[in-house]
Amino acid sequence: MANFLTILRLLLVPFFVFFMLSEGKNFSQIALSLFLVAALTDVIDGYIARSFNGITEFGKSADPFVDRILVASALITMAYRGMIPLWGLFLILFRDLYLTVGFLLLKEKNRKELSVTTAGKLTTFCIITSIVVLLAGIEPLGFYIFYAGCLMSIISGVHYTIKAYRVIFA
């Protein structure tokens, strides 16, 4: 069931992007609803996987990948529509790419995986919350949360870098 929800989240992304980029009376609300459903599937699939001992290799790889696709799609379309600054988009996408490549190299080289940290979870929470709040049109609160997510992206990127360094040179 958890893997099904991950796949469902991935399938929602093109519909979300379509409604974000389309002009129409209720399209922004539909895009917001799709993003909320997709974000909720992430919470539910994680709960199901942990609660029912359903953690799979597919889920461990696909879930974070699909999360990144969902968030990147939202941020890119929001930047395209002028809803967020380009520097924030590039900062968050660079951090995600940097960490993804780093995690893959670390796993390949040392056969070890870094666990998600509180800083990483807080970063994701800020970014997803800012997306929801900005799509709902709640300003300036959405921008404050977005800027907090940008700051947390830097902090968590440094934190993961230090953690990886310690693993490599332990």
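Here the structure is a predicted model, which is why all the values come from computation and not from measurement.

Criteria and cut-off values
Residues numbered from 1 in each chain as written. Predicted model: local features only at pLDDT ≥ 70, side-chain atom pairs only at ≥ 80, totals over all residues. Heavy atoms only, no water. Salt bridge = Lys/Arg side-chain N within 4 Å of Asp/Glu carboxyl O. Helix = DSSP H or I, 4+ residues; strand = E, 2+ residues; numbered from the N terminus. Buried < 20%, exposed > 50% of the residue type's maximum accessible area, 1.4 Å probe, protein only. Domains from an automatic or database assignment. Contact = heavy atoms within 4.5 Å. Buried area = accessible area lost by both parts, 1.4 Å probe. Polar contact = N/O pair within 3.5 Å; in protein donor to acceptor, adjacent residues only side chain to side chain. Nonpolar A, V, L, I, M, F, W, Y, C, P; charged D, E, K, R; others polar.

What about the pattern of salt bridges?
Here comes step 1: Counted by the stated rule, this structure contains 6 salt bridges.
Here comes step 2: Measuring nitrogen to oxygen at the nearest pair gives 2.9 Å for the salt bridge that ties R9 to D45. Here R9, found in helix α1 (residues 2-21), pairs with D45, found in helix α2 (residues 27-51); they are 36 residues apart in sequence, far enough to count as distant.
Here comes step 3: Residue classification places R9 among the buried residues on the basis of a relative accessible area of 0%.
Here comes step 4: Overall, the relative accessible area of 4% leaves D45 in the buried class.
Here comes step 5: Residues joined in a network through salt bridges with shared partners are R9, D42, D45, D63 and D67.

As for the domain arrangement of the chain
Here comes step 1: On domain assignment, one finds that the chain holds domain 1 (1-82) and domain 2 (84-169).
Here comes step 2: Using C-alpha coordinates to define each centre, domain 1 is positioned 17 Å away from domain 2.
Here comes step 3: Residue-level contacts link 15 residues of domain 1 with 15 residues of domain 2.
Here comes step 4: Together, R68, L75 and M78 form the three largest contributors to the area buried by domain 1 at its contact with domain 2, with a combined 39%.
Here comes step 5: Here domain 1 and domain 2 share 1 salt bridge between them.
Here comes step 6: When the shortest N-O distance is used, the salt bridge between D96 and R68 registers 3.0 Å.
Here comes step 7: Counting every contact that joins domain 1 to domain 2 gives 1 residue pair in polar contact (both at pLDDT 80 or more).
Here comes step 8: When contributions to the side of domain 1 that touches domain 2 are tallied by element, the ones reaching two or more residues are α1, α2 and α3 (57-80).
Here comes step 9: Counting residues per element, the side of domain 1 that touches domain 2 draws most heavily on α3, which supplies 8 residues.
Here comes step 10: Taken together, the residues of the side of domain 1 that touches domain 2 sort by class into 13 nonpolar, 1 polar and 1 charged.

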